[in-house]
Amino acid sequence: RRAVPPGRSRARSRGAAGAALLPSMLMFGVILASSGLLLMIERGILAQVGPPPLHPPAGPSRRDGRDSPAELELEVLRDTRNRTIHALCGQRSMPRSVWELPPGQRRTVLRHLLVSDKYRFLYCYVPKVACSNWKRILKVLDGALESVDVQGKMDHKSDLVFLGDMKPEEISYRLKHYYKFIFVRNPMERLLSAYRNKFGEIKEYQQKYGVEIVRRYRKNGGNSAGDDVSFSEFLQYLLDEDVERMNEHWMPIYNLCQPCAVRYDFIGSYERLHADANHVLEHIQSPSFVRFPERQAWYKPVTAETLHYYLCNTQRRLIRELLPKYILDFSLFAYPLPNITSEFCRQ
């Protein structure tokens, strides 16, 4: 039987409920609850472990046969991700391929998988995880763009090949034979990045989403232009949204890329962006002149201090209640839960 996608809260019948477990609830029951994670969420214990370290590029082992601490930490992180994904995706109710997904979920993942037939790889793009730069690279590899440093607004549709536009047999072949990779990011950091970018800079998002959010969650908010959405209002909006109906910029990575239905060969991280990107470029044997672009001068990164400020000035209830919607992203990709304890916020 097919798993009910994350975000759906009602089963059609009691008889189907057992087989139609939500992946998020399955994650709690199989992997997380057994280790007391729910209690740790409430008490803020897990968050005290701190974020994963920023690893330098993993190089060859030292001549004495011992790996450096950074290399060992990186191996632990990768092993944690692999074991967790294996444990979750090995459950009977989880999809084994994209064809086992409900139509809506299948459309989502297939339209986020970009194809390079020339270099035989599939890249699942995740908004707010450097996907614009990866799209530039794909265009350069395909000859549609001269250089990754070409200035101008990024066109996210033209000159790109999406797996969802292909025939079923073409899709199956590429999923089976092509190198598949994805890049992930701390879920709360990604949400904050989307919030600051879309509601602080993009008028289209202010008018389409901001106006509605303010009208829904603020008294006398009918006159807002949507450019003054608070972070708390944004989180409340996410809490009330059906996951599968979310905009791709804040939809959980699990729903966008379906790591159980698509077995990725490599999971890169935003925290090790350039080192992991270079690993991918080397693996696909891209031309030596193709490199991952440097961060634009105008880009305002989300720092640890910025994230600390927003989380500690947001109602803890909102964050605690929102965590289950993104728990698969935290757990599968080995990110610590946000620390919102009073002690931490006083620092």
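Residues numbered from 1 in each chain as written. Predicted model: local features only at pLDDT ≥ 70, side-chain atom pairs only at ≥ 80, totals over all residues. Heavy atoms only, no water.

- In the nomenclature of an unreviewed UniProt entry, the chain corresponds to Carbohydrate sulfotransferase from the organism Hypocryptadius cinnamomeus.
- In its Subcellular location (unreviewed entry) section, the UniProt record describing the chain reads: "Golgi apparatus membrane".
- Quoted straight from UniProt, the Sequence similarities (unreviewed entry) entry for the chain says "Belongs to the sulfotransferase 2 family." (UniProt positions renumbered as here; feature names shortened; annotations may be inferred.)

### Focus: the nonpolar core
Turning to step 1, where the next piece is worked out: Residues Leu113, Trp134, Phe234, Leu238 and Trp250 are the most contacted members of the largest nonpolar core, which totals 94 residues.
Turning to step 2, where the next piece is worked out: Looking at this core, the element that brings in the most residues is helix H14 (residues 316-332), giving 9 residues.
Turning to step 3, where the next piece is worked out: The contact partners of leucine 238, leaving out residues within four places of it in the chain, are Leu191, Met246, Trp250, Leu322, Lys325 and Tyr326. (Core = buried A, V, L, I, M, F, W, Y, C linked by side-chain atoms within 4.5 Å. Buried < 20%, exposed > 50% of the residue type's maximum accessible area, 1.4 Å probe, protein only. Helix = DSSP H or I, 4+ residues; strand = E, 2+ residues; numbered from the N terminus. Contact = heavy atoms within 4.5 Å.)

### Observations concerning the packing of aromatic side chains
Aromatic rings considered in pairs are described by the distance between their centres and by the relative angle of their planes.
Turning to step 1, where the next piece is worked out: Applying the stated criterion across every chain yields a total of 25 aromatic pairs.
Turning to step 2, where the next piece is worked out: Seen from their ring centres, tyrosine 123 and phenylalanine 181 are 5.1 Å apart, and the 25 degrees between their planes marks the pair as stacked. Separated by 58 residues along the polypeptide, tyrosine 123 in strand S2 (residues 121-124) and phenylalanine 181 in strand S3 (residues 179-184) bring together distant segments of the chain. For the residue pair tyrosine 123 and phenylalanine 181, the accessibility class agrees, reading buried in each case.
Turning to step 3, where the next piece is worked out: Ring centres of phenylalanine 199 and tryptophan 250 lie 5.9 Å apart, and the angle between their planes is 20 degrees; this geometry places the pair in the stacked category. Here phenylalanine 199, found in helix H8 (residues 187-200), pairs with tryptophan 250, found in the loop between helix H10 (231-240) and helix H11 (253-257); they are 51 residues apart in sequence, far enough to count as distant. (Phe/Tyr/Trp six-rings, centres within 6.5 Å; stacked < 30°, edge-to-face > 60°.)

### A short note on the environment of valine 126
Turning to step 1, where the next piece is worked out: Turning to its location among the elements, valine 126 is positioned in the loop between S2 and helix H6 (131-141).
Turning to step 2, where the next piece is worked out: Valine 126 sits 126 residues away from proline 252 along the chain, and the two C-alpha atoms are 9.1 Å apart.
Turning to step 3, where the next piece is worked out: Residue contacts for valine 126: discarding those within four places in its chain leaves Cys131, Ile182, Phe183, Arg190, Ile253, Leu256 and Cys257.

### A look at the packing of H8 against helix H13 (residues 304-312)
Turning to step 1, where the next piece is worked out: For the pair H8 and H13, the least separation of the axes is 11 Å and the interaxial angle reads 85 degrees. Accordingly, the angle class assigned to the pair H8 and H13 is roughly perpendicular. Seen from H8, the contacting residues are Met188, Glu189, Leu192, Tyr195 and Arg196; seen from H13, they are Thr306, Leu307, Tyr310 and Leu311.
Turning to step 2, where the next piece is worked out: Classifying every residue of the contact of H8 with H13 gives 6 nonpolar, 1 polar and 2 charged. (Axes fitted to C-alpha atoms, helices over the stretch in contact; angles between N-to-C directions. Parallel < 35°, antiparallel > 145°, perpendicular 65-115°, else oblique. Nonpolar A, V, L, I, M, F, W, Y, C, P; charged D, E, K, R; others polar.)

### Some words on unusual backbone geometry
Turning to step 1, where the next piece is worked out: Its identity is not glycine, yet glutamine 285 carries a phi of approximately 60 degrees, on the positive side.
Turning to step 2, where the next piece is worked out: Of note in this structure, alanine 334 is not a glycine but carries a positive phi near 60 degrees.
Turning to step 3, where the next piece is worked out: Its place among the elements puts alanine 334 in the loop between H14 and helix H15 (342-346).
Turning to step 4, where the next piece is worked out: Note on alanine 334: relative accessible area 18%, which makes it buried.

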